Amino acid sequence: VRFREAGEPGWQTDRGEVFITLGEPDEIFDQSSDLQGPRRIIRWNYLGLRLQLDFTDDTGFGRFRLVPAARAEYQRVLNTIRSRG
């Protein structure tokens, strides 16, 4: 329910995926209501993992997706966590 986007269940969204695998972020910066900028951005920081993830809504319809660089960093951290057992 928390990350539902345009009828898509929250667990199937990028934010839902990250939340399920890494848990609650340590910091959240929500610039999605900033009408000054061209892109709506939500940034999640996981301080212990030294991970910063940016989600952008390029469509303006509330569909936040991990930017490609953030997706790559997320996968790298997730692979490291999984390899530890």
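Up top is the structure.
Quick summary incoming for the structure in this document. (Residues numbered from 1 in each chain as written. Predicted model: local features only at pLDDT ≥ 70, side-chain atom pairs only at ≥ 80, totals over all residues. Heavy atoms only, no water.)

### Quick notes on the pattern of salt bridges
Logical step 1: Summed over all chains, the structure comprises 10 salt bridges.
Logical step 2: With a shortest N-O distance of 2.6 Å, Asp54 and Arg43 are connected by a salt bridge. One end of the pair, Asp54, is in strand β3 (residues 51-57); the other, Arg43, is in strand β2 (residues 40-46), with 11 residues separating them in the sequence.
Logical step 3: Taking relative accessible area as the criterion, Asp54 reaches 16% and is therefore assigned buried.
Logical step 4: On the basis of relative accessible area, Arg43 is assigned to the partly exposed category, the value being 28%.
Logical step 5: In this structure, Arg76 engages Glu73 in a salt bridge whose closest nitrogen and oxygen atoms are separated by 2.8 Å. Within this pair, Arg76 and its partner Glu73 are both found in helix α2 (residues 68-83), separated by three residues, close to a single helical turn. (Salt bridge = Lys/Arg side-chain N within 4 Å of Asp/Glu carboxyl O. Helix = DSSP H or I, 4+ residues; strand = E, 2+ residues; numbered from the N terminus. Buried < 20%, exposed > 50% of the residue type's maximum accessible area, 1.4 Å probe, protein only.)

### Some points on the pairing of β3
Logical step 1: Burial of β3 is extensive: six of the seven residues sit out of reach of the surface.
Logical step 2: Taking the residues that link successive antiparallel strands as the turn, the β2-β3 hairpin has four residues, and the phi of Arg50 there is positive, at about 55 degrees.
Logical step 3: Bridge count between β3 and strand β4 (residues 65-66): two bridges; the pairing is antiparallel. Bridging across to β4, Thr56 finds its partner in Arg65. (Pairing = 2+ DSSP bridges.)

### Description of the packing of aromatic side chains
Logical step 1: A full pass over the atoms with the stated rule returns three aromatic pairs.
Logical step 2: Here the aromatic rings of Phe3 and Phe19 are separated by 5.6 Å at their centres, their planes lie at 55 degrees, and the arrangement is tilted. Within this pair, whereas Phe3 is found in the segment before α1 (14-22), its partner Phe19 is found in helix α1, the two being separated by 16 residues in sequence.
Logical step 3: With relative accessibility at 9%, the residue Phe3 sits in the buried group.
Logical step 4: Taken together, Phe3, Phe19, Trp44 and Phe55 form an aromatic cluster joined through their ring pairs. (Phe/Tyr/Trp six-rings, centres within 6.5 Å; stacked < 30°, edge-to-face > 60°.)

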